Amino acid sequence: MSQDKLNSASSNEKELQLDMLKNWKRPVKYMPVFDYDRCTRCGLCAAACTWGEIRLIPEKVEDGKPVSIPVANRSSCGACHYCERQCPEEAITIVDTPFVSSHRYWRGDQKNLWRQVDPNKPGHVLLISTGSDSELISYFDRLMFDACQVTNPPVDPLREPIELRTYLGRRDFNGNTKPTLLETRIPILFSAMSYGSINLRVQIADAKAARTLGTFWNTGEGGLHKKLNDYSDNTIVQVASGRFGVNPRFFRNCSAVEIKIGQGAKPGIGGHLPGEKVTEEISRTRMIPQGSDALSPAPHHDIYSIEDLRQLIYAIKETTGYKKPVLVKVSAVHNIAPIVSGIARAGADIIAIDGFRGGTGAAPRRIRQSMGIPIEVAISAADRRLREEKIRHEVSLIAAGGIRNSADVLKAICLGADAVYIGTAVLVALGCGLCQRCYASKCSYGITTNRADLAGRIDIDIASQALVGLIRAWSDEIKELMGGMGINTIGSLVGNRERLRGVHLTSEELDVLGVKQAGK
Amino acid sequence: MCGIVGGIDTTGGTIKGSDFIEAISVQHDRGNGLGGGFAAYGIYPEFDRYYALHIACNNERSAKRADEFIRSHLYVKIAEDMPTKDVKNIPWHPLLKRYFTFPGPSNEDLKLSNLGPTTVHDEEAMLDAYMKKFVFNFNSTIPEAFVMSCGKNMGVFKGVGYPEDIGEFFLVDRMEAPVWLVHSRFPTNTQSWWGGAHPFSLLEWSVVHNGEITSYGVNRNYLRMFGYDCSLRTDTEVISYMFDLFVRERHLPVEDTCTVLSPPLWKEIESIQDKERRDSILQLRQYYPQALLNGPFAILVTNGHEMVAMNDNLKLRPLVGAIRGGQCFFSSEECSFEILCPDREKTWMLKGGKPEIVRMKEGLNVAG
């Protein structure tokens, strides 16, 4: 039947239109459902939602005032749960409406493909934020800790001291220079999140918490805002391929300098902060013109091989008078072991490895989902290679990317890390609903946005208290775990695979992790 | 659970082996018959230039290969069967050999090639490094054979059985020595075998240990980087290698080595008033976190000139000391002192993480 006939056949009643453009209309995945008996029509939800999912429509007139009722647009909910949490009457539930496809293999990709061919928008690379949500197994989940029974006593952390203090940096046994080590009271550091990807209020909360806890926060590649000068004892500044905000003040007000080569979520990929997000403050901090795109090239244009990295490491050491350790952060990739060995020999004091679960403000979806390797195997391979080359004791390793809880922290340490970086966990601690849309800069929680009205949703003191609470809780849990293993200082667990056993892993996987099968 | 006893005579006199057999036998219940052993120093004065190799081989074939291996790498002054006595409670024992040797192939000049990457400064250090490498090569290449001890003028006598039976078997009751270590084993980590009995020894250092080293994985990884293969399937061997690495190779004082192995808590370090001492201890702990021993332990370590008695920080294993005249004794239980030194002047309990170091030359200068 032709289009015309169809139209005319129905034209008697109401004009019905079929529209090919609707072929690409995205099916609704999540949506708020309102309990109108509880709803008081206050309208807070519509104000809270930054994604345009909730609109208010007139319902009636009461006492001469119009009353509006919230309805779901069924267009843009990403299950961030902000409206649900903010609703004073608890009248909202976010529901998951699974996309029904008869084709099991294609089920997940159909929607994404439609987004890419949607004629309303030109074909585009799919963007995504946070770390990979791939259904690949987590090795962390398949590793179990040892515990003391009979032959040696567990240590009770409520009665005996259990020490988490860690020193990171190069132990130089040759020569007389006294090494500079980073002292952290807990082996957990806040990972790099740049000013731009998150707003200044979140960075201040991060820095405050790091100071209270005696650990470090990391500026990310967006430079160091002058308001954060005071936190220099707890600050790691980052030099990335864009070299944003790298100036004398930046080097003065830090404890260590990190060279970012790669990021777990997007190995081999640069960054792009669109010009409209480069506000006056961000432009000052990054030292770029207001409104211009902040582009981080994929490679550092002065690092095309390991010897170039060595030059940059020593350029930074010269700049900082050899008083500040230099970290090098790389993505966990297939060849990570020799890469780490090369970085150690190039003079880095601390090497951070970021696994494929590591977070990002924005990355191409295909990169995030299919590039890089898990941190568990990467840290284990790096630790083993450094030992085989007899230089493991000279440098420190930091594991990053996919650390969700205190047990993950300790497992990463047992696999060879001296400490870990956490990033996503920091955001979740501030309330983040993990809707994976940080790139949109509309974060309803006010975390990954620089819109002043939204950033105002973050209370710096409450946020830093939440972070302090998180790390204190994790520290206590780590002490419980260590006590159960009969170990009272964290250093005795670094690379101590004897205290781990694997379940549901192949012999090859166990071999790479260096862990024995449970029962052995 | 294990039982340990040690003694050192600083006056130049000796202590009878039979006393130590009796002293460990009164701690009978601390062992379960799956391991016992003795280390005695100053027992081969007539051959004190030579490295005394005590070798155990499971069968004639391995003994033959061991003999060939030794003769191709070392000059052999004397090769003999270890004098032993049949004992009812030792139903089986490996072939036990004793060699007095010196580095260098037989009938040839010393060949000190293939030394490890260690920096050696003098001839003695070179010889020691060669012997160390020899022992690790021996243990890894000769199947069903291992080196019990390889130091000069000392020897380890150990095996599977109660220590009193092992002592009788090796004729320890006929020996006299100024320095002794004794062990009774109740294995909990690994299956028992002759090589797994204590004391563990490398060159002049020997150790007996009661406890479990939960940091074993870290310590072993660290030692491997410096050429120490941990092949004896038990955690204790790392302690003897640590002393060899820090004291013999790196020339760290014994006190500092003890600090590395069992340092004070960070808070305790911070509260030290003397800045120089505080910085030095802080640095030792910052530099060598992989050498720190974690878990419950009581250990006695000696090189024949000095004896170290040390407990873990939390004092999770018993260790007591006693003094009589110029002699100093350490034991898991005080009952052993009733045999060794019933007329002792002093008995004291060692504090957790505070090592006692007794030196031949300095005489008795202990906290107790």
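Since the structure is predicted, the reported quantities are computational estimates derived from the model, not experimental observations.

Participant: Is there a simple way to explain the pairing of strand β14 (residues 306–311) of chain B in this structure?
Facilitator: For a regular strand, side chains alternate in direction, first toward one face of the sheet and then toward the other. All names here are of chain B. With five of its six residues buried, β14 lies for the most part within the structure. Taken together, strand β13 (residues 297–302) and the strand that follows it, β14, pair antiparallel across an intervening segment of three residues, in which Gly304 is found at a positive phi of about 90°. Note: β14 against strand β18 (residues 356–359), four bridges, orientation antiparallel. In the sheet register, Met307 faces β18, and the bridge partner there is Val358.

Participant: When you look at the sheet that holds strand β20 (residues 500–502) of chain A in this model, what are you seeing that I'm missing?
Facilitator: Within a sheet, adjacent strands bond to each other through the backbone by hydrogen bonds, running parallel or antiparallel. Residues and elements named next belong to chain A. Read from one edge to the other, the open sheet built from three strands follows the order β6-β20-β21, with strand pairing classed as mixed. Two strands close off the open sheet at either side, each with one partner strand: β6 (143–145) and β21 (516–517). In this sheet, β21 lies alongside β20 in parallel orientation, the contact comprising two bridges. Directly across from Gly502, in β21, lies its bridge partner Gln517.

Participant: For this particular structure, what's the right way to read helix α8 (residues 306–319) of chain A?
Facilitator: For an α-helix, 3.6 residues make a turn, and residues three or four places apart therefore share a direction. Residue and element names in this part refer to chain A. Taking 1.5 Å of rise per residue, the 14 residues of α8 would be expected to cover 20 Å, and the 20 Å separating its terminal C-alpha atoms lies within 8% of that figure. Within α8, the full set of buried residues consists of Leu309, Ile313 and Ile316. End-on, the buried residues of α8 take up no more than an arc of 65°, which puts them together on one face. Away from its buried face by more than 90 degrees, α8 exposes Glu307 and Glu318. After α8 finishes, the residue Gly321 shows a positive phi value of roughly 65°.

Participant: Is there a simple way to think about the interface of chain A and chain B in this case?
Facilitator: Often, the extent of an interface is quoted as the loss of accessible area on bringing the components together. Listed as interface residues are 28 residues of chain A and, on the opposing side, 25 residues of chain B. Along the lines of polarity and charge, the residues of the side of chain A that touches chain B split into eight nonpolar, ten polar and ten charged.

Participant: Could you clarify how one ought to interpret unusual backbone geometry in this entry?
Facilitator: Backbone phi values are negative for most residues with the exception of glycine, while trans is the configuration of most peptide bonds. A cis amide bond links His198(B) with the next residue in sequence, Pro199(B), at an omega value of -5°. Despite not being glycine, Thr130(A) shows a phi value in the positive range, around 60°. Here Thr130(A) shows up in the loop between β5 (127–128) and β6. Here the phi dihedral of His251(B) falls at roughly 55°; this positive angle occurs in a residue that is not glycine. Among the structural elements, His251(B) can be located in the loop between α6 (237–249) and α7 (254–261). Judged by the 10 C-beta atoms lying within 10 Å of it, His251(B) is exposed.

Participant: Looking at this structure, I do not really get the sheet that holds β14(B). What am I missing?
Facilitator: Residues and elements named next belong to chain B. Taken in spatial order, the five strands line up as β11-β12-β13-β14-β18 in an open sheet, and their pairing is antiparallel. Here the strands that pair on one side only, and so sit at the sheet edges, are β11 (200–202) and β18. Strand-to-strand twist in this sheet, taken as the mean axis angle between neighbours without regard to direction, amounts to 15°. Direction of pairing for strand β12 (residues 205–211) relative to β13: antiparallel, over a ladder of six bridges. Looking across to β13, one finds that Val207 is bridged to Val301. Each of β11, β12 and β13 is contacted by α6, which is oriented at about 140° to β12, the strand it contacts most. Across the face of the sheet, α7 comes into contact with β14 and β18 while running at roughly 20° to β14.

Parameters and conventions
- Residues numbered from 1 in each chain as written.
- Chains lettered and ligands numbered in written order.
- Predicted model: local features only at pLDDT ≥ 70, side-chain atom pairs only at ≥ 80, totals over all residues.
- Buried ≥ 20, exposed ≤ 12 C-beta atoms within 10 Å, placed from the backbone.
- Helix = DSSP H or I, 4+ residues; strand = E, 2+ residues; numbered from the N terminus.
- Pairing = 2+ DSSP bridges.
- Expected span 1.5 Å × (residues − 1).
- Arc of directions from axis to C-beta.
- Contact = placed C-beta atoms within 7 Å.
- Nonpolar A, V, L, I, M, F, W, Y, C, P; charged D, E, K, R; others polar.
- Axes fitted to C-alpha atoms, helices over the stretch in contact; angles between N-to-C directions.

Just distances and angles here, no functional claims.
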